[in-house]
Amino acid sequence: MMFRLGIPLGIILLWASLAVLGQFLPLSPNSIELSKILLPGNAQEWLGFDDLGRPIFDRLIVGARTSFFVAFSVVTVSLIVGSLLGTISAYVGGWTDLAFVRVIDIFLAFPGILLAIALAGVMGPGIDNVVIALSIVGWVGYARLARAQVLSVKERDHVHAAVAIGTRPIRIMMRHLLPLISAPLIVEASFGIAGVVIGEAGLSFLGLGVQAPEASWGSMIRDGTRYMLVAPHMVIAPGLALMFVVLAINLLGDWLRDWLDVKGHGRRE
Amino acid sequence: MVTKFFLPRILTALGVIFGVVCVVFLLLHLVPGDPVEVMLGESAQPADREALRQALGLDQPIHLQLLSYFKGLAQLDLGTSLYSRRPISEILLERLPATIELGLASLILALTLAIPLGVIAAIKKETAWDFGAMGFALFGVSIPNFWMGPMLILVGALWLGWFPVSGREGMGSIVLPAITLGTAMAAILSRMIRSTLLEVLTEDFIRTARSKGLTEWTVTFRHGLRNALLPVITLLGLQLGALLSGAVITETVFSWPGIGSLVVEAIHRRDYPVVQAAVLLISFSYVMVNLFTDLVYAWVDPRVRLSK
């Protein structure tokens, strides 16, 4: 229990609170100290300095904000857009649904974040464009899941009863369908956060994410790869932060899935 | 009988590919941001901009641009690179072998890791073996390629000096990229093998096999694993997508001269026709592989093709 829930929850809370409260801490992520270039960590400055003499610890906290902000914007937008479109499509049925399934198939034909990489590349670097690119790719999974779930519950008695007493379709979807299908969507969204955290860092690693001097864990790894032999701490610190956050989200997602008793997660199964 | 199952799938795949071309084309053209401005810089003369726009055909209405792109595709003409001025199809053909080589190496590595791990975790369920194997799987899906790659370079190339840091020369150069790319896939596959094998092992025919007095080995592998691997075939096709998009980052980390690193190079050179063509090629292979796994699945398991 401690391992499955306590520790992951702790890491996620730390990540979230650093992201939200980090701006009130006395940090100097962009202060350049030439005398400390590439210096490894010591008792006062735990994580050392990067190639411009900037403190890695401070940049790590700013990076937490970047990944947190992007993850929550993208997952919120994708979740809302995806589950609404999926629900409407399944509820309306007929040609609308057939056409919608084709659209989903087309978007699922792009492997992973490839489309996001291309979109972010064309739009140019910047955190806003990262959010747009990852959202364009992200909504599809929720739409597919919501559609499948609504199809499985829309013939239930309470839905027929609601139709019979003349409830408006929007109200049926909002009050009688969405609450029933929310558990699998929540589980999917929790794994989705991990995916977006890796996605943002990946785009920033490729130079398509945050703009210098802004910090992202991905861009910090990118900067560090050039100095790996002399200053491996530049790569190790942001990578560990990224790994622990993603690991914590995945563990929490696993726990949530068991707790909400949702069968199987993932893409097409 | 056979065409009844196969034909609709092939037609659907063709439709998806048509849609993919449209979506890539429209998204890359309609997304905010003007490629001409990015290529020339903000200080460019209006006349120069117009000239480039015309040269790229960007002054035409979008549907005409799309139509002429399709005309080109029908003749396998993907356009010309803005950077090297060479036909794009030529560049892609040059890069393709490296990506196929890396993909196959990663796939083989993933399967040799995942099958034993998944089987051990399933037959030694809820023991230290299981936790160990699934712990590895959890780490495997949580470590991104762009961190694992540099870490492997640090240890395997810089500290130990066993493998080259980057590039594609000699047998040793493929080891680190293949480990980077294969581990995440191995992680997902081993989780899948474990759960399907656990499910299969509760079936009646397993009990029958046991009561016939077959050895535990025969029961697990001949009767259990063979059936458990069927859904894994489908997952394998889907995972190949992750492999292909992972290749974009992994190839960049290791300067591996494949299609993936071409995408990133083309993005940084603002060579949009090449980005578009490479994305299309990768998506096309993904759709084809999934069509292929669907068909293989139906061929291996008659239940699939007869039930529909």
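Cut-off values and rules
Residues numbered from 1 in each chain as written. Chains lettered and ligands numbered in written order. Predicted model: local features only at pLDDT ≥ 70, side-chain atom pairs only at ≥ 80, totals over all residues. Heavy atoms only, no water. Domains from an automatic or database assignment. Contact = heavy atoms within 4.5 Å. Buried area = accessible area lost by both parts, 1.4 Å probe. Salt bridge = Lys/Arg side-chain N within 4 Å of Asp/Glu carboxyl O. Helix = DSSP H or I, 4+ residues; strand = E, 2+ residues; numbered from the N terminus. Polar contact = N/O pair within 3.5 Å; in protein donor to acceptor, adjacent residues only side chain to side chain. Nonpolar A, V, L, I, M, F, W, Y, C, P; charged D, E, K, R; others polar. pLDDT = per-residue confidence, 0-100.

1. Section: the domain arrangement of chain B
Residues and elements named next belong to chain B.
Then comes step 1: Domain annotation for chain B reports domain 1 (2–74) and domain 2 (93–306).
Then comes step 2: Facing 17 residues of domain 1, the contacting portion of domain 2 comprises 16 residues.
Then comes step 3: Both faces combined, the contact of domain 1 with domain 2 buries some 1500 Å², and carbon together with sulfur accounts for 83% of it.
Then comes step 4: Counting the surface domain 1 buries against domain 2, the share from its top three residues, Phe 5, Phe 6 and Ile 17, is 29%.
Then comes step 5: One can count one salt bridge joining domain 1 with domain 2.
Then comes step 6: Salt-bridge contacts for Asp 294 lead to Arg 9; the nearest nitrogen and oxygen are separated by 3.2 Å.
Then comes step 7: At the level of elements, helix H1 (2–30) and helix H2 (35–40) are the ones that each hand at least two residues to the side of domain 1 that touches domain 2.

2. Quick look at the interface of chain A and chain B
Then comes step 1: Contacts between the two partners involve 44 residues from chain A, matched on the other side by 45 residues from chain B.
Then comes step 2: Interface area, chain A with chain B, both sides summed: about 4000 Å², of which 84% is carbon and sulfur.
Then comes step 3: Together, Leu 114, Val 122 and Met 228 of chain A form the three largest contributors to the area buried by chain A at its contact with chain B, with a combined 16%.
Then comes step 4: At the junction of chain A and chain B, the tally comes to one salt bridge.
Then comes step 5: A salt bridge links Asp 254 of chain A to Arg 191 of chain B; the nearest nitrogen and oxygen atoms lie 3.2 Å apart.
Then comes step 6: Viewed at the interface, chain B and chain A are joined by four residue pairs in polar contact (both at pLDDT 80 or more).
Then comes step 7: Elements supplying a minimum of two residues to the side of chain A that touches chain B: helix H3 (94–108), helix H4 (114–123), helix H7 (169–205), helix H8 (217–225) and helix H9 (233–260) of chain A.
Then comes step 8: In terms of residue count, the dominant contributor to the side of chain A that touches chain B is H9 of chain A (twelve residues).
Then comes step 9: Within the side of chain A that touches chain B, the residues separate by chemical class into 32 nonpolar, seven polar and five charged.

3. Focus on the confidence of the model for chain A
Then comes step 1: When the pLDDT values of chain A are averaged, the result is 86; 95% of them are 70 or greater.
Then comes step 2: Note on residues 265–269 of chain A: pLDDT is under 50 here. Beyond four places in sequence and across chains, it has eleven contacts.

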